[in-house]
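# Report on the structure
What follows is the residue order along each chain.
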Amino acid sequence: MNRTFTIMLVGLFFVCFQSVGQHSITGRIMDAGSDEPLIGANVRLTSTNQGTITAADGTFTIKSVADGNYELLISYVGYKDQKLDISIDGSNKDIGAISLKESLFLSDQVVISGTRMAEKLTESPATIGVITAKQIEQLPSFNPGELLARVKGVDYVRSGVVGTGVNIRGFNSNFNSKNLQVADGRLASLIATGLPLGPLNTQIKEDIERVEVILGPNSALYGPNAHNGLVHIISKDPRTSEGTTIATGIGNQNVFSIRARHAQVVNDKFSFKLTAERSQGEEFSYADSVYIDRDADGVKEGYEEFELDNDFSFNKVEGALYFSPTAGSDLILSSGYSNSTYLAPTNVGRNQIKDWNIFYTHLRFTSENWFAQLYYTSSKTDSTYAIDERTKQYYRGIDSGMTPAEAGGANSYASGAVFQDDSKRINGEVQYNKAFGDLEMVTGIQYQQDMANSNNSYLLDDIDDLNIYQMGWYGQVQYKLASGWKAVAAFRADNHEIYDFNFVPKLGIVKTVGNGAVRLTYGQGIAAPTILNMYGDLFSGLILGNAEGFTLADGTKIEKQKVEKIQTFEIGYKGQLLPNRLFLDANAYYNISTDFLSPVTVVGVTTARGDTPIDQVQSGYGAFGGLVATYINFGKVNTYGADFGVNYYFNDNISLDLNYSYFNYSVDENDMENDFNKDGEVNDLDILVNAPKNKLSLGLNYASDKWFGTIFMRWVEAYNYYSSFQIASETKPGWTYRGTPIVENARSTDAWNYGPLGGFVNVDIGLGYNITDYLTLSGQVTNLFDSEVREFTASPFIGRLYSAEVKFKF
């Protein structure tokens, strides 16, 4: 008994000893404007890194806090940080309700994409541009992609009424998969081609909270194809955006759009949201001539695209259910579907996208230290086709004696113009993050299984197993040093079934200086061959994927395609030069790129693909005799540049944005590894930089309780552009492209050369009025002065666009 009593006494003493000076801090974080709770706000003691996140009702509890004086830091994405001095002296502390104000200034913004952890924009070891909720809310258009034109350092292109796209830091093409698109942490890209979903995505404008754009490689955290940059779309939480929104818009080109969103909090455990959209219109009138040698005399003549359909339409539905099993944890189930029809530019003319369906289901778990997700994506179309090839096959039918009806029926699709897709993808991820004093870490593993299926329309479905696996492990640590210094190190180890193992590191150091920070970073990135690059089978095998290499008729070996690599050195500054007035975001970078992923190129007459005789692979062997175009790696190029962004706030209502970017490159012209087209000379036709050297934008913004408006000007310096069939170039005396002299405003081999892209000044203007808290009217004019603007090949000149929108909020 004495022994039992002694053990109990020791245990009671231990518990009491542990409890002395150990207390809790509680409170509730609210939105200052709406007085609604903020879910998921970060609350942290800066000196200890103890902290938590707020629950569905905005409350939080930090446990086991010793007696003493502390600084409590409260932060939330899109809101201004708030700091409180807290004293713990023998009892628990309740700070009551704390209201956060929406951030007006970029330096106050919190972002998540740079390190996969919430951090202040100025302290992120990456160049990040943010499209804010207010910018999205005030855009009177169904297409939020238009706002990417206002992000510093981005090469924005518009290919029509619908088509908007971005490239970052050079090497653009008509089939560019080097910029990763992510939606709520989920890959938003096509399975077989790797292209960003773009217009095919399932999200509507009214459900987007913000967009974060990272400039430069971020493969260490996001994997292959976060090579040039990353666009991360983050949707709204129904618990902070409850209510119903209905928006309808009209514009020229017969544009009509209607969108609806409903979000509701059922109780302290459950909430949900539903969205839907129907948008339609007509593309600008434009004939992308198809050049055909019908007389077999070596002279091609231009013909209009056969049965061109300029109409576009988009149907989207999406929903999400949020469940909070415990305070600070969420289980989120979301699903979305889209059906799209529109014209899309490619390397070989335009594709008629017809009834392309995207579907996904996404399950996420989030808590203070854990994040896990599992999602399924499918892509399906039965009737999308290459207009160029269909047009050529139509005239082959005519020349063989068919009637127009016969030539334009099933015959017009007989040469492989149709692209069918029934591909699927499964992704999984588990991530853990933890703070240990001044050391913060995050690590995770990812799994991906691609199940590509083209029904033998554009992939080697019957010859190769297109069930492809890859796994990745990533990690990052950041350590807060003395005097405002922070060191960051990240890595990623990827193992892919086809292109094997790759290791990608990233290092950075950040120094906080006043209301800003200076950073120096080194990073690597990789661009992986897509399934199309590896297993493509287009136009009866004239274009074949290069997952196994080729043997030419003379015995020369063409190596299988591998990943493209980039190394980046970057220095930058973000911060306020004048408190709450002048914000500067500037960076300079130097890139070393090797083993470029080439556009499709003719390698010659082949005898085998891998170990398989070419006549067993190429369905059109009788016509082509083993002549193959494919994808290869080549060259080494150094690129360098700088981006400058200045934001000046005259007051709480008026602000000015100025962005400027410079980009250039250098290459060893004596290194024949850089001679992509094998003409014995290294020049622009080999490197395919495809980017302007200089670009500038200027925006003047006004926002009050009632009125809001923007005047936006964009200048892009003229630049030459080459991408497979496509060319947009000034006259180059003595130069040829694909066998034809390069002459501006003249026919090239397979496309018309209208001259360089860019070389324009474009002005947009928008104006809106909040009639009541529930009703808003707005409108905009894009290309106000109707300038002749051609931003992309295989695309029309962009004329003036009008749009008007009415938005109801309940």
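Note that this is a predicted model, so its numbers are computed, not measured.

Each value, and the rule that gives it
Residues numbered from 1 in each chain as written. Predicted model: local features only at pLDDT ≥ 70, side-chain atom pairs only at ≥ 80, totals over all residues. Heavy atoms only, no water. Helix = DSSP H or I, 4+ residues; strand = E, 2+ residues; numbered from the N terminus. Expected span 1.5 Å × (residues − 1). Buried < 20%, exposed > 50% of the residue type's maximum accessible area, 1.4 Å probe, protein only. Contact = heavy atoms within 4.5 Å. Core = buried A, V, L, I, M, F, W, Y, C linked by side-chain atoms within 4.5 Å. Pairing = 2+ DSSP bridges. Axes fitted to C-alpha atoms, helices over the stretch in contact; angles between N-to-C directions. Polar contact = N/O pair within 3.5 Å; in protein donor to acceptor, adjacent residues only side chain to side chain. Phe/Tyr/Trp six-rings, centres within 6.5 Å; stacked < 30°, edge-to-face > 60°. Salt bridge = Lys/Arg side-chain N within 4 Å of Asp/Glu carboxyl O. pLDDT = per-residue confidence, 0-100. Patch = residues over 30% accessible without salt bridge, like charges linked within 9 Å, V, L, I, M, F, W, Y side chains within 5 Å. Areas by Shrake-Rupley, 256 points an atom, 1.4 Å probe, with all protein chains shown as cover. Lys, Arg positive; Asp, Glu negative; His and termini not counted. Charge placed at Lys NZ, Arg CZ, Asp CG, Glu CD.

For helix α4 (residues 387–399), built from 13 residues, the straight-helix expectation of 18 Å at 1.5 Å per residue is met to within 8% by its first-to-last C-alpha distance of 18 Å. Where burial is concerned, most of α4 is hidden: 10 out of the 13 residues are buried. Among all positions of α4, only I387, D388, E389, R390, T391, K392, Q393, Y394, Y395 and G397 are buried. Buried residues belonging to α4 abut β20 (290–292), β21 (301–303), β23 (330–346), β24 (349–366), β25 (370–386) and α5 (404–408).

Residues L459, I531 and Y535 are the most contacted members of the largest nonpolar core, which totals 43 residues. A total of 4 residues in this core trace back to one element, the largest contributor, which is helix α6 (residues 531–535). The contact partners of Y535, leaving out residues within four places of it in the chain, are Y458, L459, L460, D464, L466, I468, I498, G545, A547 and R609. Core analysis: the next-biggest nonpolar cluster, separate from the first, contains 29 residues, F284, I353, V789 and I798 among them.

A few words on the sheet that holds strand β6 (residues 82–88). Strand order in the open sheet made by the 4 strands is β3-β2-β5-β6, with antiparallel pairing throughout. The open sheet has two edge strands, β3 (51–53) and β6, and neither has a second partner. Adjacent strand axes in the sheet meet at a mean angle of 20°, parallel and antiparallel pairs treated alike. As paired strands, strand β5 (residues 68–75) and β6 are joined by 7 bridges and run antiparallel to one another. Opposite I74, over in β6, you have Q82 as the bridge partner.

One can find E389 in helix α4. Judged by relative accessible area, E389 falls into the buried class, the value being 9%. Excluding residues that lie within four positions of it along the chain, E389 makes contacts with R396, S415, A417 and F539. Of note is the side chain of E389, whose polar atom sits 3.0 Å from the side chain of R396.

Below, the discussion takes up the sheet that holds strand β1 (residues 22–31). Ordered by their spatial adjacency, 3 strands build an open sheet running β4-β1-β7, and the pairing between neighbours is mixed. One side of each edge strand has no neighbouring strand; the edge strands of this open sheet are β4 (59–66) and β7 (93–100). Strand-to-strand twist in this sheet, taken as the mean axis angle between neighbours without regard to direction, amounts to 25°. As paired elements, β1 and β4 share 6 bridges and run antiparallel to each other. Following the sheet pairing, H23 is matched in β4 by V65.

Turning to the pairing of strand β29 (residues 485–496), a few remarks are in order. The sheet contact formed by strand β28 (residues 467–480) and β29 spans 11 bridges and is antiparallel. Considered in β29, the bridge of K480 is made with K486. What sits between the antiparallel neighbours β28 and β29 is a turn of 4 residues, in which S483 has the positive phi angle 60°. Direction of pairing for β29 relative to strand β30 (residues 500–513): antiparallel, over a ladder of 12 bridges. Each bridged residue has a counterpart across the sheet, and for W485 the counterpart in β30 is K511. Counted between consecutive antiparallel strands, the loop separating β29 from β30 contains 3 residues.

We now examine the environment of Q203. Inspection of the secondary structure puts Q203 in the loop between β14 (186–187) and β15 (208–215). The buried category is assigned to Q203, whose relative accessible area is 5%. Between the alpha carbons of Q203 and E277 there is a distance of 8.9 Å; along the sequence they are 74 residues apart. When residues no more than four places from it in sequence are discounted, the contact partners of Q203 are A183, D184, I233, S235, K316 and E318.

Here the distance between the centres and the angle between the planes together describe a pair of aromatic rings. As enumerated under the stated definition, the model contains 23 aromatic pairs in all. The interplanar angle of 40° and the centroid separation of 4.6 Å between the aromatic rings of Y303 and Y395 together place this pair among those described as tilted. Of this pair, Y303 sits in strand β21 while Y395 sits in helix α4, placing them 92 residues apart in sequence. Given the relative accessible area of 16%, Y303 is considered buried.

Considering all chains together, one arrives at 34 salt bridges under this definition. Between D399 and R294 there is a salt bridge; the shortest N-O distance is 2.5 Å. Of the two residues, D399 sits in helix α4 while R294 sits in the loop between β20 and β21, which places them 105 residues apart along the sequence. Overall, the relative accessible area of 43% leaves D399 in the partly exposed class. By relative accessible area, which is 29% here, R294 ends up partly exposed.

Glancing now at the environment of Y375. Within the secondary structure, Y375 is located in strand β25. The spacing of Y375 and N427 is 52 residues in sequence and 5.4 Å in space, taken between C-alpha atoms. Those residues in contact with Y375 that lie beyond four places of it in its chain are G185, R186, L187, T361, H362, R425, I426 and N427. A polar atom in the side chain of Y375 sits 3.0 Å from the backbone nitrogen of L187.

Confidence in the prediction of the protein, expressed as mean pLDDT, is 89, and 94% of residues score 70 or more. Across the protein, strand β22 (residues 311–323) holds the top mean pLDDT of 98, while helix α1 (residues 2–19) sits lowest at 44. Here residues 4–20 scores under 50 on pLDDT; set against residues more than four positions off or in separate chains, the count is 0 contacts.

Looking now at a negative patch on the surface. Where like charges cluster on the molecular surface, the negative patch consists of D668, E669, D679 and E681. Looking at the element boundaries, D679 is found in the loop between β42 (654–666) and α8 (684–687). Take D679: its relative accessible area is 44%, and that puts it in the partly exposed class.

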